[in-house]
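One letter stands for each residue in the lines below.
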Amino acid sequence: MSLVCASMVFGNQSDDAGAMLLDALNINTMTATFSQVVRNIETSKEVSVSSGRMSFAKPNLLKWAYDEPINQIFIKKNQIIYMFDKDLLQLSKLNQSSSKKTPFDFMTLDYRDLKTFYTIEKLNISDTVSGLSLKPKNEISDHYQVIIVLKDKLIHQIEIFYRIGRVIEINFEKVKVNLTFSKNEFDLDLPSNIAIEEIK
């Protein structure tokens, strides 16, 4: 379900959006399975389809693990992002600039920080589904909008619109929140002697 045609709600939308955002952020941990589709924004043609599992723990842990068709894991700890390709046995490490946020950072940011980096508006989707539009204030960001769909105050879908003409649609299932993770949930199970490529 694409939300490109969802309309903005005016009037007290700022207060409504703030309340909805506080509800969405009122979780400390989350895990879910996901399906992801990348499309061309202009033609709506599918570019790729993938699936996997994600988890996060506030304030600074995020894991995005792809199972099909690729076998890759992305883990973010504080400002460090690790990318491990299980098939190619390649590990990369990126030090993220504190001034450049990824579209997924909203999951672990608190309300004040999120308001610092994004302009937030409520979307009119349906009577049973609520939505938020997040637009980065940094004009050099690689994406220009994130749409979050909430059901029962839980994240149900995300759409990320990139300036290169691509949109990523991610749907979540089997969502669980405020659970306790094992101590190694955000660790990589790596083969011995694997080299790390530093990405500047």
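What you are looking at is a predicted structure, and each value in this text was computed from that prediction instead of being measured. (Residues numbered from 1 in each chain as written. Predicted model: local features only at pLDDT ≥ 70, side-chain atom pairs only at ≥ 80, totals over all residues. Heavy atoms only, no water.)

## Things to note about the confidence of the model for the protein
- On average, the protein scores 84 in pLDDT, and the residues at 70 or more come to 88%.
- Predicted confidence is poor over residues 1-12, with pLDDT under 50, and the contacts of this stretch with residues over four places away or in other chains come to 27 contacts. (pLDDT = per-residue confidence, 0-100. Contact = heavy atoms within 4.5 Å.)

## Focus on the nonpolar core
- By size, the foremost hydrophobic cluster in this structure holds 32 residues, and its most contacted members are Met54 and Phe172.
- Formed by six residues, the second largest nonpolar core is a distinct cluster that contains Leu123, Ile147, Val149 and Phe161. (Core = buried A, V, L, I, M, F, W, Y, C linked by side-chain atoms within 4.5 Å. Buried < 20%, exposed > 50% of the residue type's maximum accessible area, 1.4 Å probe, protein only.)

## A look at the packing of aromatic side chains
- A complete count under the given rule lists six aromatic pairs for this structure.
- Between phenylalanine 34 and tyrosine 66, the ring centres sit 5.5 Å apart and the planes meet at 90°, which makes this aromatic pair edge-to-face. In this pair, phenylalanine 34 sits in strand β2 (residues 29-40) while tyrosine 66 sits in strand β4 (residues 61-68), placing the two residues 32 residues apart along the sequence. The residues phenylalanine 34 and tyrosine 66 share a single accessibility class, namely buried.
- By the ring-pair criterion, three or more aromatic residues cluster together here, those being Phe34, Trp64, Tyr66, Phe74 and Phe172. (Phe/Tyr/Trp six-rings, centres within 6.5 Å; stacked < 30°, edge-to-face > 60°. Helix = DSSP H or I, 4+ residues; strand = E, 2+ residues; numbered from the N terminus.)

## Focus: the pairing of strand β9 (residues 130-136)
- Where burial is concerned, most of β9 is hidden: five out of the seven residues are buried.
- As judged from the seven bridges shared by strand β8 (residues 118-124) and β9, these two strands associate in the antiparallel manner. Each residue of the ladder has a partner; that of leucine 123, found in β9, is glycine 131.
- Between β8 and β9, which follow one another and run antiparallel, lie five residues.
- In this structure, β9 lies alongside strand β10 (residues 143-151), joined through five bridges in antiparallel fashion. Bridge pairing in β10 links serine 130 to leucine 150.
- In this antiparallel pair of consecutive strands, β9 and β10, the connection spans six residues. (Pairing = 2+ DSSP bridges.)

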